[in-house]
Amino acid sequence: MVEAMKQTQTRAPVRTLLTGLLLAGLGLGGSGPALAVYKCVGADGKVTYTDSPCVGASQVSRVETPPPLTPREQAAAEDRSERLINQARVLEYRQTLEAADRQRRYEAERQAERQAEINAQRQAELELERERDRLVVVRPVPIIPRRPPPPVVPKPPRPEVPERQVQMRGYPFR
């Protein structure tokens, strides 16, 4: 009887292990239909995805889903996703820096163009001043309308005075 008990005790962990594997196998087997995805296309062309078969007059097609990942595959996928996220963050940071650099260069170019325009305008003003200094300024003389001369009024003739006859006096040599 002691030997039978020893045999039962050694078989119990094996039995428990086999039972656990069997239940896990059934659990995975039972999860197969739960992972099923159905694509339903209605009469109006509307597409619906569901985990239960379609109802009504719609076309049904089953979408095959991949089997669930093992813990090792899931850990590897998480590591890959973390690396990709970090790479994306680094790339986004670089793009932000490049965009800021492009914006600074653009602003610097615009500022240089504005400064060049201001300098050109000042140069033109200086040239204009120099040209004004060289020119002889002729100021227009205002044109004042002249009054017409007064009409010439003829003077009445002088009355004729008879000529006086002057008598000659004698000269001493006579």
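Residues numbered from 1 in each chain as written. Predicted model: local features only at pLDDT ≥ 70, side-chain atom pairs only at ≥ 80, totals over all residues. Heavy atoms only, no water.

Chemist: Help me out: how do you make sense of the overall build of the protein chain in this one?
Modeler: Helix and strand content of the protein chain: 2 helices and 3 strands. For the protein chain, the α and β elements follow one another from N to C terminus as α-β-β-β-α. The buried share of the protein chain, reckoned over its 174 residues, is 2%. Here the contacts in the protein chain between residues at least 6 apart in sequence split such that 22% fall between residues at least 24 apart. Of the accessible surface of the protein chain, which amounts to about 17,400 Å², a share of 59% is contributed by carbon and sulfur atoms. (Helix = DSSP H or I, 4+ residues; strand = E, 2+ residues; numbered from the N terminus. Buried < 20%, exposed > 50% of the residue type's maximum accessible area, 1.4 Å probe, protein only. Contact = heavy atoms within 4.5 Å. Areas by Shrake-Rupley, 256 points an atom, 1.4 Å probe, with all protein chains shown as cover.)

Chemist: Can you walk me through the state of the cysteines in this structure?
Modeler: What is meant by a disulfide is a covalent connection between two cysteines, made through their sulfur atoms. According to the stated counting rule, one finds 1 disulfide in the structure shown. What pairs with C40 in a disulfide is C54, and their sulfur atoms sit 1.4 Å apart. On the sign convention where negative means left-handed, the S-S torsion of about -85° between C40 and C54 marks this disulfide as left-handed. Remark: C54 occurs in the loop between β2 (47–50) and β3 (59–63) and C40 occurs in strand β1 (residues 37–41); sequence separation between them is 14 residues. With respect to burial, C40 and C54 carry one shared label: buried. (Disulfide = S-S within 2.5 Å.)

Chemist: Sorry if this is basic, but what is going on with the pattern of salt bridges here?
Modeler: Oppositely charged side chains are able to pair whenever their charged atoms sit close together. Enumeration over the complete set of coordinates arrives at 6 salt bridges. The partner of R110 in a salt bridge is E109, with the nearest N and O atoms 3.8 Å apart. A relative accessible area of 23% places R110 in the partly exposed class. Residue class for E109 comes out partly exposed when judged on its relative accessible area of 47%. (Salt bridge = Lys/Arg side-chain N within 4 Å of Asp/Glu carboxyl O.)

Chemist: Would you mind going over the environment of D51 with me for this structure?
Modeler: Positionally, D51 belongs in the loop between β2 and β3. For D51, a relative accessible area of 56% gives the class exposed. Note: C-alpha distance between D51 and R62 (11 residues apart in sequence) is 9.6 Å.

Chemist: Just checking my understanding: could you explain the confidence of the model for the protein chain for this structure?
Modeler: For the protein chain, mean pLDDT is 78; residues scoring 70 or higher make up 72% of the total. Between the elements of the protein chain, mean pLDDT differs from a low of 45, seen in helix α1 (residues 2–34), to a high of 95, seen in helix α2 (residues 71–134). Long-range and interchain partners of residues 8–12, a stretch whose pLDDT sits below 50, account for 0 contacts in this model, where long-range means more than four residues apart. Considering only residues more than four positions removed or in separate chains, one finds that residues 14–34, a stretch of pLDDT under 50, has 1 contact. (pLDDT = per-residue confidence, 0-100.)

Chemist: Whenever I open this one, the pairing of β2 confuses me. Can you help?
Modeler: In summary, the side chains of a regular strand alternate between the two faces of the sheet. The pairing of β1 with β2 spans 4 bridges and is antiparallel. Counted as the bridge partner of C40 is T48 from β2. (Pairing = 2+ DSSP bridges.)

Chemist: Which parts of the structure should I look at to understand the pairing of β1?
Modeler: Side chains Y38 and C40 project from β1 onto a buried face, and the interleaved V37, K39 and V41 project onto a face without burial. In this structure, β1 lies alongside β3, joined through 5 bridges in antiparallel fashion. Bridge pairing in β3 places C40 opposite V60. Hairpin connection of β1 to β2: 5 residues between the antiparallel strands, including G45 at a positive phi of 90°.

Chemist: I'm lost on the sheet that holds β1 in this one. Help?
Modeler: An order of β2-β1-β3 is seen for the 3 strands of this open sheet, with the pairing classed as antiparallel. Of all strands in the sheet, those bounded by a partner on one side alone are β2 and β3. Each strand of the sheet is rotated relative to its neighbour by a mean of 25°, with strand direction disregarded. (Axes fitted to C-alpha atoms, helices over the stretch in contact; angles between N-to-C directions.)

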